[in-house]
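Listed below are the residues making up each chain.
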Amino acid sequence: MNTPFIKNHQFNFIKQQVKNLQSTLMTVSDPKVIEAARYGAQAKIFEQFSDMTNEQKQLFAPLLALKKTEEFQEFVTSLTPYLSSFPKVTEKQIQKLFPKNKKLKTPNLDALNYTALTYIGWIDIATSKMFFVYEQNNQIVGIEGRFTATNKKNVCSLCNGVAEVALFSAITKTKNAKYADYYKAVGNYMCIDSAACNAKIKDLTYLESFIASVLE
C-alpha cells in the first residue's frame, strides 16, 4: 500500500541528496569513496524521518546501486506516490485566518499542487501585503505583513536559496511587563515566487521559528 509519508521539504532534501550522489559518481572513481557516498546519502535521508518503517526504508535501497542518469531520474519518480499533501483549504477558511482583510484576494486554490507545498504564500499588490498559510501542530495558521520589493536577488530566509526577494515585515503583538501594548516588527527577506520557494525549501527550522515569533 502506498501510504504517503514524504513531505514536500523532505522530498526536496531527498532530491538534493540524489543529485549530490550522482555528481559524486560522475567525478569520483574510487569504489570506497562511492560506497561511502551512497551510504551517507541514505543515512542523511533516514535522519529526516523520526519513525520510518522497514518497508519505507526499503524504498531507498536503490541508492546503493544507482549508476545511470536515467536510473537516478526513475528513482526520484518512484517516490512520488509517497508524497503527502498539504491540507487542502477553502477560500472561506483562509478568509477566517485574516478577518481584518475584508477584501482579501486569495490565490487560485484549485490550481495548486498540494503535494508540492510546504506553505501557501501570495502577494496582494493592491495592499502591498504578503500572506502565508501554514500547518502548525495540526492546525492551519495564517500570518500577514507588509512587503517591500527589493528588485534584486538575495538569500531567502525560508528556503535559503538565492532568488528575487521582498522584505516581509510582520507585526506581532507581544506581552510586555512595562507596556500594556507592545508591538515588534519581524522582518525577513523572502522569495516573491512562493512556488519556487516551495520547490527549494528543505528545512522547516527557520520557517517554524519565524511563524512562532509572529504568532506569540
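Preceding block: the structure.
Structure report, in brief. Treat the numbers as computed from the prediction; the structure is a model and nothing was measured.

## Some details on the environment of lysine 153
- Here lysine 153 shows up in strand 3 (residues 139–155).
- Look at lysine 153 and you get exposed, because its relative accessible area is 64%.
- The residues contacting lysine 153, other than those within four sequence positions of it, are Val162, Ala163 and Glu164.

## Structural notes on the pattern of salt bridges
- All chains considered together, the criterion is met by one salt bridge.
- Across the salt bridge formed by glutamate 144 and lysine 129, the nearest N and O atoms sit 2.9 Å from each other. Linking glutamate 144 in strand 3 with lysine 129 in strand 2 (residues 129–136), this pair joins segments that are 15 residues apart in sequence.

## A closer look at the layout of surface pockets
- In this structure, the second largest pocket occupies an estimated 320 Å³ of space.
- Breaking the lining of the second largest pocket down by element, the ones donating at least two residues are helix 1 (8–27) and strand 2.
- Sort the elements by how many residues they give to the lining of the second largest pocket and strand 2 lands first, with three residues.
- The residue makeup of the lining of the second largest pocket, split by class, is five nonpolar, eight polar and three charged.

## Topic: helix 7 (residues 205–215)
- Every buried residue belonging to helix 7 is among Leu207, Phe210, Ile211, Ser213 and Val214, and all of these are buried. For helix 7, the buried positions fall inside an angular range of 160 degrees around the axis, keeping them on one side.

## Quick notes on the packing of aromatic side chains
- Summed over all chains, the structure comprises ten aromatic pairs.
- Their ring planes at 15 degrees and their centres at 5.3 Å tell us that tryptophan 122 and phenylalanine 131 sit as a pair that is stacked. Taken as a pair, tryptophan 122 and phenylalanine 131 share a single burial class, namely buried.
- What links up through ring pairs into an aromatic cluster is the set Tyr119, Phe132, Phe168 and Phe210.
- Over the ring of phenylalanine 46 we find lysine 57, and its NZ or CZ is 5.7 Å from the ring centre.

## Let's talk about the nonpolar core
- Among the nonpolar cores identified, the biggest contains 24 residues, and Phe132, Cys156, Leu158, Phe168 and Leu207 are the most heavily contacted of them.
- Of all the secondary structure elements, the ones that give two or more residues to this core are strand 2, strand 3, strand 4 (162–174), strand 5 (182–191) and helix 7.
- Tallying contributions element by element places strand 4 first for this core, with five residues.
- With residues near it in sequence (within four places) discarded, phenylalanine 132 still touches Phe98, Tyr119, Ile120, Val141, Gly142, Ile143, Leu158, Phe168 and Met190.
- Counting residues in hydrophobic clusters, the runner-up holds 21 residues, among them Ile6, Phe49, Phe60 and Leu66.

## Section: the pairing of strand 2
- Burial within strand 2 is extensive, with six of its eight residues counted as buried.
- As defined by bridge partners, strand 1 (residues 120–124) adjoins strand 2 across five bridges and the pair is classed as antiparallel. Counted as the bridge partner of glycine 121 is phenylalanine 132 from strand 2.
- Hairpin connection between strand 1 and strand 2: a loop of four residues separates the two successive antiparallel strands, and serine 128 in this loop has a positive phi of roughly 55 degrees.
- Bridge analysis of strand 2 against strand 3 gives eight bridges, and the strand direction is antiparallel. Paired with tyrosine 134 across the bridge in strand 3 is valine 141.
- The loop that links strand 2 with its antiparallel partner strand 3 comprises two residues; one of these, asparagine 137, has a positive phi angle of about 55 degrees.

What counts, and at which threshold
Residues numbered from 1 in each chain as written. Predicted model: local features only at pLDDT ≥ 70, side-chain atom pairs only at ≥ 80, totals over all residues. Heavy atoms only, no water. Helix = DSSP H or I, 4+ residues; strand = E, 2+ residues; numbered from the N terminus. Buried < 20%, exposed > 50% of the residue type's maximum accessible area, 1.4 Å probe, protein only. Contact = heavy atoms within 4.5 Å. Salt bridge = Lys/Arg side-chain N within 4 Å of Asp/Glu carboxyl O. 1 Å grid on protein atoms, 1.4 Å probe; cavity = no way out; pocket = protein on both sides within 12 Å on 5 of 7 lines; lining within 4 Å. Points joined across faces, edges and corners; volume = space filled by probe spheres on them. Nonpolar A, V, L, I, M, F, W, Y, C, P; charged D, E, K, R; others polar. Arc of directions from axis to C-beta. Phe/Tyr/Trp six-rings, centres within 6.5 Å; stacked < 30°, edge-to-face > 60°. Lys NZ or Arg CZ within 6 Å of the ring centre and 35° of its normal. Core = buried A, V, L, I, M, F, W, Y, C linked by side-chain atoms within 4.5 Å. Pairing = 2+ DSSP bridges.

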